[in-house]
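Okay, here's what each chain looks like letter by letter:
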Amino acid sequence: MINKVFKTPNEAVADISDGATIMIGGFGEAGSPIELIHALIDQGAKNLTIISNNAGSGHVGLAALLEHKRVKKIICSYPKTAFSEVFPDLYCNGEIELELVPQGTLAERIRCGGAGIPAFYTPTSVGTPLAEGKEIREFDGKSYVLEYALKADFALVKAHQGDRYGNLIYYKTARNFGPIMCMAAKVTIAQVNKIVEVGDIDPEIIVTPNIFVQRIVEVANPLHEHVLVSQNKKYPWTE
Amino acid sequence: MAKLVANDIPDGSYVNLGIGIPELIANYVPQGREVIIHTENGLLGVGPAPAPGSEDFDLINAGKKPITAIKGACFFHHADSFAMIRGGHLDFTILGAYQVSQNGDLANWSTGSPNDIPAVGGAMDLVQGVKNVFVIMSHTTKDGNPKIVKKCSYPLTGIGVVSRIYTDLAIIDVTNQGLKVIKLSPGIDKDTIINKTEAELIF
């Protein structure tokens, strides 16, 4: 019997080792798997490379993972958001490496990582500092830059509903990087608001096919980052 | 400015709006026109801002502000969203800028200052893939320095990508011949705009 269900976020992330490369879903807080990230902080893995569109806000979720010095490098398109305090400090002090990638290039590098395509040419960033040192090639008179696929040891994503096979559906703009990150990691761990019976989700509307998901854990009422940030909460919780 | 831009977007267009002033354009689409607004984090069909108290933080725009979705809207993941952008499927993108040069180079993601946290987002993808790249910005900096320049001094977002510039003083098209002023704002004369622009202008 196939059963990818884990009881708790802590059990789901228990074997993530030091030095792992981890994709973390989300665009800002929408789709950010905050409970899985907190479990990863509890677990203690360090020297991590994180692939994520942003670098977190306040002192919870991804920002807290950075604040606890678990991350040596972040591959990211927009590390500067409202209420992002941790990343700018670490970056200015030289305590974290940043690989800045245009958002669409980041998405395509992840998609290719999951699709067996090692590299691709894109017009994005040609003539800018982000193309410096990269191979440029002309197709039909237009210049393109060579970009390499991204893969990961683990992906942590948040979806709306899933089943024990690992089929996933998402909620509104919280879908963002989830489906492509599920494809690009050796082990994808999805937190979902609700685990339903196999067959309950209409096969016509499944967004992530179950083959791309290895572990699924239910978090019925996930925390809201903007609420925690407005209350100036820090993870681990102090009281 | 946002109203002027909104007026120039034809019925049936697919439009991406950048962060900041461009977000306001959605409020000025003239009655009777259907314009589908794309937000690169994964939605076609951005609707008006939600009523206070009914915000959903899983339904946000590229600026991470809560939005609504119109009837007929659809959600998609990031690789699809940037296939729409890079693949040339969108008609317009409206972006802010630090500088635009004579030949339509755009600088809008970094001032290049060592204290600046580098962040690029989707700007470099948008300028390469969207059919018409419109810039909306103040004509000069807060200190009165020209933002329409011969050559950008800030790091580039793209080379020769801008098609039109809307400022508080004028609407300017980027043409093969150079920057052509197609409309001056009320009360603005030729000399004023020439003085506040470093690049050559054609009238």
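Located above this text is the structure these notes cover.
Residues numbered from 1 in each chain as written. Chains lettered and ligands numbered in written order. Predicted model: local features only at pLDDT ≥ 70, side-chain atom pairs only at ≥ 80, totals over all residues.

Draft legend 1. Main features of the overall build of chain B. When you go through chain B residue by residue, the secondary structure sums to 4 helices and 13 strands. In terms of overall dimensions, chain B is globule-like: its C-alpha atoms have a radius of gyration of 17 Å, near the 17 Å expected for 203 residues. Projected onto its principal axes, the C-alpha coordinates of chain B cover approximately 50 × 40 × 35 Å. Of all 203 residues assigned to chain B, the portion counted as buried reaches 43%. Of the contacts made within chain B by residues no fewer than 6 positions apart, 62% connect residues no fewer than 24 positions apart. (Helix = DSSP H or I, 4+ residues; strand = E, 2+ residues; numbered from the N terminus. Rg over C-alpha atoms; globule rule 2.2 N^0.38 Å. Buried ≥ 20, exposed ≤ 12 C-beta atoms within 10 Å, placed from the backbone. Contact = placed C-beta atoms within 7 Å.)

Draft legend 2. Representation of the interface of chain B and chain A. Between chain B and chain A, the contact holds 31 residues from the first and 38 residues from the second. Listing elements by their share of the side of chain B that touches chain A, those giving two or more residues are α2 (78-86) and α3 (123-129) of chain B. Of all the elements, α2(B) adds the most residues to the side of chain B that touches chain A, at 5 residues. Considering only residue class, the side of chain B that touches chain A consists of 16 nonpolar, 9 polar and 6 charged. (Nonpolar A, V, L, I, M, F, W, Y, C, P; charged D, E, K, R; others polar.)

Draft legend 3. Main features of α2(B). Those residues of α2(B) that sit buried are B:His78, B:Ala79, B:Ser81, B:Phe82, B:Ile85 and B:Arg86. An end-on view of α2(B) places all buried positions within 155° of arc, on one side of the element. Each element contacted by the buried residues of α2(B) is listed here: α5 (103-115), β6 (119-122) and α6 (178-184) of chain A together with β1 (14-17) and α3 of chain B. B:Gly88, located one to two residues past α2(B), shows a positive phi value of around 80°. (Arc of directions from axis to C-beta.)

Draft legend 4. Region of the structure containing the pairing of strand β2 (residues 36-39) of chain B. Residues and elements named next belong to chain B. Pairing geometry for β1 and β2, over 3 bridges, is parallel. Considered in β2, the bridge of Val15 is made with Ile37. Pairing of β2 with strand β3 (residues 43-47), which is carried by 2 bridges, proceeds in the antiparallel orientation. Paired with Thr39 across the two strands is Leu43, which belongs to β3. (Pairing = 2+ DSSP bridges.)

Draft legend 5. Inspection of the sheet that holds strand β8 (residues 142-148) of chain A at higher detail. Residues and elements named next belong to chain A. Pairing within the open sheet is antiparallel, and its 3 strands lie in the order β6-β8-β7. Of all the strands in the sheet, the pair left with one neighbour each is β6 and β7 (136-139). Taking each pair of neighbouring strands and ignoring which way they run, the sheet shows an average axis angle of 40°. Relative to β8, β6 is paired through 4 bridges, and the arrangement is antiparallel. Across the sheet, residue Thr122 finds its bridge partner in β8, namely Val145. (Axes fitted to C-alpha atoms, helices over the stretch in contact; angles between N-to-C directions.)

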